[in-house]
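Commentary on secondary and tertiary structure
Here are the chains, one letter per residue:
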Amino acid sequence: MPERVELWWARRQFSKGAEVPYPVGTYREAWASYPAVIRQYHPELNAGIVLSQVPPAADVLLLWQCEAGHKFAATPDEQRSRPGRERRRSAWCPDCTELARPTRALPMRETVTAAGSPVPAAIANPVGRTVLKARKPPRTVRLCPKTPDVPVGEPFRSACAPKPASAVEGQLRADLFARLAVTPGLNAVRIARPFFDHVEVWPDILLPELRVAIEYDSTGRHGLEHIGKREDADRRKDRALRAAKWEVVRIRTGRLEPLGAHDLQVAGWNAKTLERLIDTLRDIRGPLLVDPYLA
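Below you will find a few notes about this structure. (Residues numbered from 1 in each chain as written. Predicted model: local features only at pLDDT ≥ 70, side-chain atom pairs only at ≥ 80, totals over all residues. Heavy atoms only, no water.)

1. A short note on the overall build of the protein chain
Keep this limit in mind: The secondary structure listing takes helices from DSSP runs of H or I that are at least 4 residues long and strands from runs of E that are at least 2 residues long, numbered from the N terminus. Any residue under 20% of the maximum accessible area for its type is buried, any over 50% is exposed, and the rest in between are partly exposed; the area is computed with a 1.4 Å probe on protein chains only. Residues are treated as being in contact if the distance between any of their heavy atoms lies within 4.5 Å. Areas reported here follow the Shrake-Rupley algorithm with a probe of radius 1.4 Å; residue values treat only the protein chains shown as occluding.
A count of helical and extended segments in the protein chain gives 10 helices and 12 strands. Sorting the 295 residues of the protein chain into buried and exposed places 40% on the buried side. Put simply, of all contacts in the protein chain between residues at least 6 apart along the chain, 57% involve residues at least 24 apart. Within the structure as shown, the protein chain displays about 17400 Å² of accessible surface, and the carbon and sulfur contribution to it stands at 54%.

Structural data, given as structure tokens:
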């Protein structure tokens, strides 16, 4: 059960026999990929303990304050996984999230009076009124019919693939295809099992001849991308590609930790990163296969 930060800190002092059980900066790297969470944490609200002294897996209640001034208590794990699938900055705060959602009125049962006019049941029978709860129908998975009937692992041009998300991704694509003479224009790979209502996935860049997918990951404008539940989706996507006999290289920026053995943790995209990526492709497929495609 989560405990208050003061009690949690005192217990750590006792168990470790130290006045400062976790020095400042101990968990700085673990929190670095959550800039929005870092902005919401204030030591003065948490007994003077700074965020880099708190393990991300600690079962402790911390007090947070969003940019709108709302204060709320949450454990580190709850706060890191809060955004879910939403892409608004307000998703980091439960109060802001609630304010962003419109209130829906529940339907009321109607009854018929002696005169024959319908009257809400709550008015006709205020003592025995019942509140109806809207039930969500069970979700049925409907696969997109636009995926062509091609073998699992086959790359193709998909009409459902999203457009490039950033200018950096476009520059990465231009630099990489200027260096490698592989087939451009393909943006999807057929997979065996459904992935978000599709049997295809859309990596940022496909190198068909090498059967390697390139992903460019950053935390995004609001610190919502590729963290928490989105990181879980990235892992699922990578597993689906590897099951289809593809390999994945993720270029991870913004202090994002690598997800796979071949991922590159870099500050940004530049000529040095391009050379590291080429070397990584050699490690995956071997120089004899990669070097003939070099321009």
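So, next bit.
2. Quick notes on the sheet that holds strand S8 (residues 200-201)
What counts, and what does not: The pairing criterion is simple: DSSP has to find at least two bridges between the two strands.
Read across the open sheet, the 3 strands follow the order S6-S7-S8; overall the sheet is antiparallel. The open sheet has two edge strands with one neighbour each: strand S6 (155-156) and S8. Direction of pairing for S6 relative to strand S7 (residues 188-190): antiparallel, over a ladder of 2 bridges. Bridging across to S7, Pro-155 finds its partner in Val-189.

3. Here we look at the nonpolar core
Condition: Within this scheme, the nonpolar core is defined by two criteria: the residues are buried Ala, Val, Leu, Ile, Met, Phe, Trp, Tyr or Cys, and they are joined through side-chain atoms within 4.5 Å.
Among the nonpolar cores identified, the biggest contains 24 residues, and Trp-8, Tyr-41, Val-54, Val-60, Leu-62 and Trp-64 are the most heavily contacted of them. If you list the elements that add at least two residues to this core, you get helix H1 (5-16), helix H3 (35-40), strand S2 (60-65) and strand S3 (71-74). Beyond its immediate chain neighbours, meaning those up to four positions away, Trp-64 contacts Trp-31, Val-37, Gln-40, Tyr-41, Leu-51, His-70, Lys-71, Phe-72, Ala-73, Ala-74, Pro-76 and Gln-79.

4. Some details on the sheet that holds S2
Paired through backbone hydrogen bonds, the strands of a sheet run either parallel or antiparallel to each other. An order of S1-S2-S3 is seen for the 3 strands of this open sheet, with the pairing classed as mixed. Strand pairing shows two members of the sheet lacking a second neighbour, strand S1 (3-4) and S3, which therefore form its edges. Judged from the 2 bridges that link them, S1 and S2 form a sheet pairing that is parallel. From the neighbouring strand, Glu-3 faces S2, where its bridge partner is Val-60.

5. Details of helix H7 (residues 167-179)
Inclusion rule: The length a helix should cover is 1.5 Å for every residue beyond the first.
The end-to-end C-alpha separation of H7 is 19 Å, in line with the 18 Å expected for 13 residues at 1.5 Å each. At its buried positions, H7 is contacted by strand S9 (205-207), strand S10 (212-217), strand S11 (247-252) and helix H9 (271-285).

6. A short note on the environment of Pro-43
Counting through the fold element by element, Pro-43 comes out in the loop between H3 and S2. Sequence separation between Pro-43 and Leu-62 is 19 residues; the distance between their C-alpha atoms is 9.7 Å. Beyond its immediate sequence surroundings of up to four residues, Pro-43 is in contact with Gly-48, Ile-49 and Val-50.

7. With respect to the side chain of Glu-3
Note the cut-off: What qualifies as a polar contact is a pair of N or O atoms within 3.5 Å, subject to a donor-acceptor requirement within protein and to the restriction that residues adjacent in sequence count only when both atoms come from side chains.
Inspection of the secondary structure assignment puts Glu-3 in strand S1. Of the residues examined, Glu-3 reaches a relative accessible area of 17% and is grouped as buried. Engagement of the side chain of Glu-3 in a polar contact is seen with the side chain of Arg-11, the distance being 2.5 Å.

8. Describing the packing of aromatic side chains
Note the following rule: Ring geometry is summarised as follows: Phe, Tyr and Trp rings, the Trp one being its six-membered ring, pair when their centres sit within 6.5 Å, and such pairs are stacked at plane angles under 30 degrees, edge-to-face over 60 and tilted between the two. Lysine NZ or arginine CZ positioned within 6 Å of the ring centre and within 35 degrees of the ring normal marks a charge as sitting over the ring.
Going through the model one piece at a time under the given rule, you end up with 5 aromatic pairs. On the numbers, 6.0 Å between centres and 15° between planes, the contact of Trp-8 with Tyr-22 is stacked. Of this pair, Trp-8 sits in helix H1 while Tyr-22 is found in the loop between H1 and helix H2 (28-31), placing the two residues 14 residues apart along the sequence. For the pair Trp-8 and Tyr-22, a shared accessibility class is recorded, and that class is buried. Aromatic pair Phe-195 and Phe-196: ring centres 4.8 Å apart, planes at 80°, arrangement edge-to-face. Residue Phe-195 is classed as buried on the basis of its relative accessible area, which comes to 13%. Judged by its relative accessible area of 39%, Phe-196 is partly exposed. Clustering of aromatic rings is evident, with ring pairs tying together Trp-8, Trp-9, Tyr-22 and Tyr-27. Seen from the ring of Phe-196, Arg-236 lies directly overhead, with NZ or CZ sitting 5.1 Å from the centre.

Honestly, it's all geometry; don't read function into it.
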